[in-house]
Amino acid sequence: MIPTLIVLGLLALGVAIVAFATRRPSTRQDVVVDQDTAWNDPITPANAAPTQDDPFAHAPVVTPPVVAEPAPANPFPVERAS
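So, here's what we can say about the structure. Positions within a chain are numbered from 1, following the residues in the order the chain's sequence is written. Residue-level local features of this predicted model are given only where pLDDT is at least 70; pairs of side-chain atoms are given and counted only at 80 or more, and the full residue set underlies all totals for whole chains, interfaces and linings. As a convention, hydrogens and water are excluded, and side-chain values are obtained from all of the structure's heavy atoms.

Quick notes on the overall build of the protein
What counts here: Strands are runs of DSSP state E lasting at least two residues, helices are runs of H or I lasting at least four, and both sets are numbered from the N terminus onward. For each residue, the accessible area found with a 1.4 Å probe, counting protein chains only, is set against the maximum for its type, and the residue is called buried under 20%, exposed over 50%, and partly exposed in between. Residue exposure ignores everything except the shown protein chains as possible cover, and the areas themselves are Shrake-Rupley values with a 1.4 Å probe.
Check the secondary structure of the protein and you find 1 helix and 0 strands. Counting only residues that meet the buried cut, the protein has 0% of its 82 residues in that class. Of the roughly 9,200 Å² of accessible surface on the protein, a fraction of 63% belongs to carbon and sulfur atoms.

As structure tokens, this is what we get:
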């Protein structure tokens, strides 16, 4: 009888630990804050720094030279007599 109670107690403790670890804090999803923006206003943070244009936006793109090795004359290796 004692081992059964020990097993049931450990099982209850395990369920309690899992329930405590996986609980989620209560969140209020039904409260909607009405924002003072129109449907087509851009959404930007209030403390955003002003954007600056990229000084290198109009620079020419540097492409590396294309080097192609010549294809081998015979793609199959030559068999040697052993």
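Further notes follow.
Notes on a nonpolar patch on the surface
The criterion, for reference: Patches here: salt-bridge-free residues with over 30% relative accessible area, like charges joined within 9 Å, nonpolar side chains (Val, Leu, Ile, Met, Phe, Trp, Tyr) joined within 5 Å. The rule for a salt bridge is simple: a side-chain nitrogen of Lys or Arg has to be within 4 Å of a carboxyl oxygen of Asp or Glu.
A cluster of nonpolar side chains, namely Met1, Ile2, Leu5, Ile6, Leu8, Leu10, Leu11, Leu13, Val15 and Ile17, defines an oily patch on the protein surface of about 1,100 Å² accessible area. Tracing the chain through its elements places Ile17 in helix H1 (residues 2-22).

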